[in-house]
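As a plain string of letters, each chain reads:
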Amino acid sequence: DAKTTQPNSMESNEEEPVHLPCNHSTISGTDYIHWYRQLPSQGPEYVIHGLTSNVNNRMASLAIAEDRKSSTLILHRATLRDAAVYYCILRNSGGSNYKLTFGKGTLLTVNP
Amino acid sequence: GAGVSQTPSNKVTEKGKYVELRCDPISGHTALYWYRQSLGQGPEFLIYFQGTGAADDSGLPNDRFFAVRPEGSVSTLKIQRTERGDSAVYLCASREYGQQSSGANVLTFGAGSRLTVL
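Small disclaimer: the values here were computed from a predicted structure and weren't measured.

What counts, and where the lines are drawn
For every chain, the first residue of the written sequence is number 1, and numbering continues from 1 onward in sequence order. The order in which chains are written sets their letters, starting at A; the order in which ligands are written sets their numbers, starting at 1. Selection of residues for local features in this predicted model requires a pLDDT of at least 70, selection of side-chain atom pairs for listing and counting requires 80 or more, and totals for whole chains, interfaces and linings are taken over all residues. The basis for the side-chain values is all heavy atoms of the structure; hydrogens and waters are excluded. Cysteine sulfur atoms that come within 2.5 Å of each other are treated as a disulfide pair. The helix and strand labels rest on DSSP assignments: H or I over at least four residues marks a helix, E over at least two residues marks a strand, and numbering proceeds from the N terminus. Only protein chains enter the accessibility calculation, which uses a 1.4 Å probe. A residue is then buried if its area is under 20% of the maximum for its type, exposed if over 50%, and partly exposed in between. Any pair of residues with heavy atoms lying within 4.5 Å of one another is described as a contacting pair. At least two bridges found by DSSP between two strands is the condition for calling them paired. Orientation is described by axes fitted as lines to C-alpha atoms, over the contacting stretch for helices, and by angles from 0 to 180 degrees between their N-to-C directions. A 1.4 Å probe that fits into a set of points on a 1 Å grid over the protein atoms alone but cannot get out defines a cavity; an open set with protein on both sides within 12 Å along at least five of seven lines defines a pocket, and lining residues are those with an atom within 4 Å of a point. Grid points are joined across faces, edges and corners, and a volume is the space filled by probe spheres set on the points. Here the term charged refers only to Asp, Glu, Lys and Arg, the term nonpolar to Ala, Val, Leu, Ile, Met, Phe, Trp, Tyr, Cys and Pro, and the term polar to all other amino acids, Gly among them. Every case where a carboxyl oxygen of Asp or Glu lies within 4 Å of a side-chain nitrogen of Lys or Arg is listed as a salt bridge.

K.L.:
Can you walk me through the state of the cysteines in this structure?
P.N.:
Note: disulfide means a covalent bond formed between the sulfur atoms of two cysteine side chains. Residue and element names in this part refer to chain A. Taken as a whole, this structure holds 2 disulfides over all chains when the rule is applied. Two residues, C22 and C88, share a disulfide whose sulfurs are 2.1 Å apart. Because the torsion about its S-S bond is -80°, the bridge between C22 and C88 counts as left-handed. Placement of the pair is C22 in strand β2 (residues 18-23) and C88 in strand β8 (residues 84-92), with a sequence separation of 66 residues. Exposure class is identical for C22 and C88. Each is buried.

Okay, structure coming up:
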């Protein structure tokens, strides 16, 4: 799987928007961009995924650069419950696409 | 069940002992994964089952680690002659059949089994 680069940590204030960046300059045309997050003492949970177009769901929005070499996970109004490690993962649509390869992710701290 | 269930949630053992960790996936999920997570690291892939068979066990670190899924639902991760370096959180995840082709590949994880080897 192609590699992603994320900041080690970020801080936000409660009720403010959060933009979590991810660089994936070696992404291929068939790589999907997935985001998972891991709350303290929990397993990772799915947040959102996309291929080329921006995506919205009840948890977050995913903004994908036109050249697909970077993406941003957007939490519109951070809450204390959003404090977690956020993982940006590329998954190819062919070959060994059944598994997800996690990096270290971004530790998001939300201040009250 | 409603989610992926893992037991025990915590296991403390002595070096050299044998350990079994159990995973109950979401009912009907044919794909099952085991991951291992050390402190400060992301989860590391160990093994993937499609049904009863291990389709990819390339992540198992050595032959002390073995996993089974005899009836295609519950899976057990077995660690022989445990070492202090095996201390980690062992995560299990499951996925619906066929989802990977749509691009979603949504894995549902359990809360993990924390293994401490003294």
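K.L.:
Explanation requested: the environment of E44(B) in the structure shown.
P.N.:
All names here are of chain B. By the secondary structure assignment, E44 is in strand β5 (residues 44-50). What makes E44 partly exposed here is its relative accessible area of 38%. Expressed as a C-alpha distance, the spacing of E44 and R64, which sit 20 residues apart in the sequence, is 17 Å. Setting aside residues up to four positions removed in sequence, E44 forms contacts with W34, Y35 and R36.

K.L.:
Explanation requested: the sheet that holds strand β7 (residues 65-68) of chain B in the structure shown.
P.N.:
Sheet strands line up and pair through hydrogen bonds in the backbone, either parallel or antiparallel. Residues and elements named next belong to chain B. With antiparallel pairing, 4 strands are arranged side by side in an open sheet as β1-β3-β8-β7. Edge positions in the sheet fall to β1 (5-7) and β7, since each has one partner strand and no second. Between one strand axis and the next, the sheet turns through 15° on average, direction left out of account. Sheet topology note: the strand β3 (residues 19-24)/strand β8 (residues 75-79) ladder contains 5 bridges and is antiparallel. Opposite C23, over in β8, you have S75 as the bridge partner.

K.L.:
Looking at this model, I keep getting lost on the sheet that holds strand β4 (residues 45-50) of chain A. Mind explaining?
P.N.:
Residue and element names in this part refer to chain A. Spatial ordering of the open sheet is given by β1-β9-β8-β3-β4, a layout of 5 strands whose pairing is mixed. Each edge of the open sheet is held by one strand with a lone partner, namely β1 (9-13) and β4. Within this sheet the neighbouring strands show an average axis-to-axis angle of 25°, counted without direction. One ladder, built from 5 bridges, connects β1 with strand β9 (residues 106-111); its direction is parallel. The partner of N13 across the bridge, within β9, is N111.

K.L.:
What's the story with the layout of surface pockets in this structure? I'm lost.
P.N.:
What the largest pocket holds in volume is close to 560 Å³. In this structure, the largest pocket is lined by 28 residues; those nearest its centre are Q38(A), S41(A), Q37(B), V89(B) and R114(B). Those elements giving two or more residues to the lining of the largest pocket turn out to be β8 of chain A together with β9 (88-95) and β11 (113-117) of chain B. Tallying contributions element by element places β11(B) first for the lining of the largest pocket, with 4 residues. Tallied by class, residues from the lining of the largest pocket come to 12 nonpolar, 14 polar and 2 charged.

K.L.:
Which parts of the structure should I look at to understand the pattern of salt bridges?
P.N.:
Side-chain pairs of opposite charge can arise where the charged atoms are in close proximity. Residues and elements named next belong to chain A. Across all of its chains, the model carries 8 salt bridges over all chains by this definition. One salt bridge in this structure joins E45 and R37, with 2.7 Å as the shortest N-O distance. Of the residues examined, E45 reaches a relative accessible area of 29% and is grouped as partly exposed. A relative accessible area of 11% places R37 in the buried class.

K.L.:
Whenever I open this one, the side chain of T82(B) confuses me. Can you help?
P.N.:
Turning to its location among the elements, T82(B) is positioned in the loop between β8 and β9. Classification of T82(B) as buried rests on a relative accessible area of 1%.

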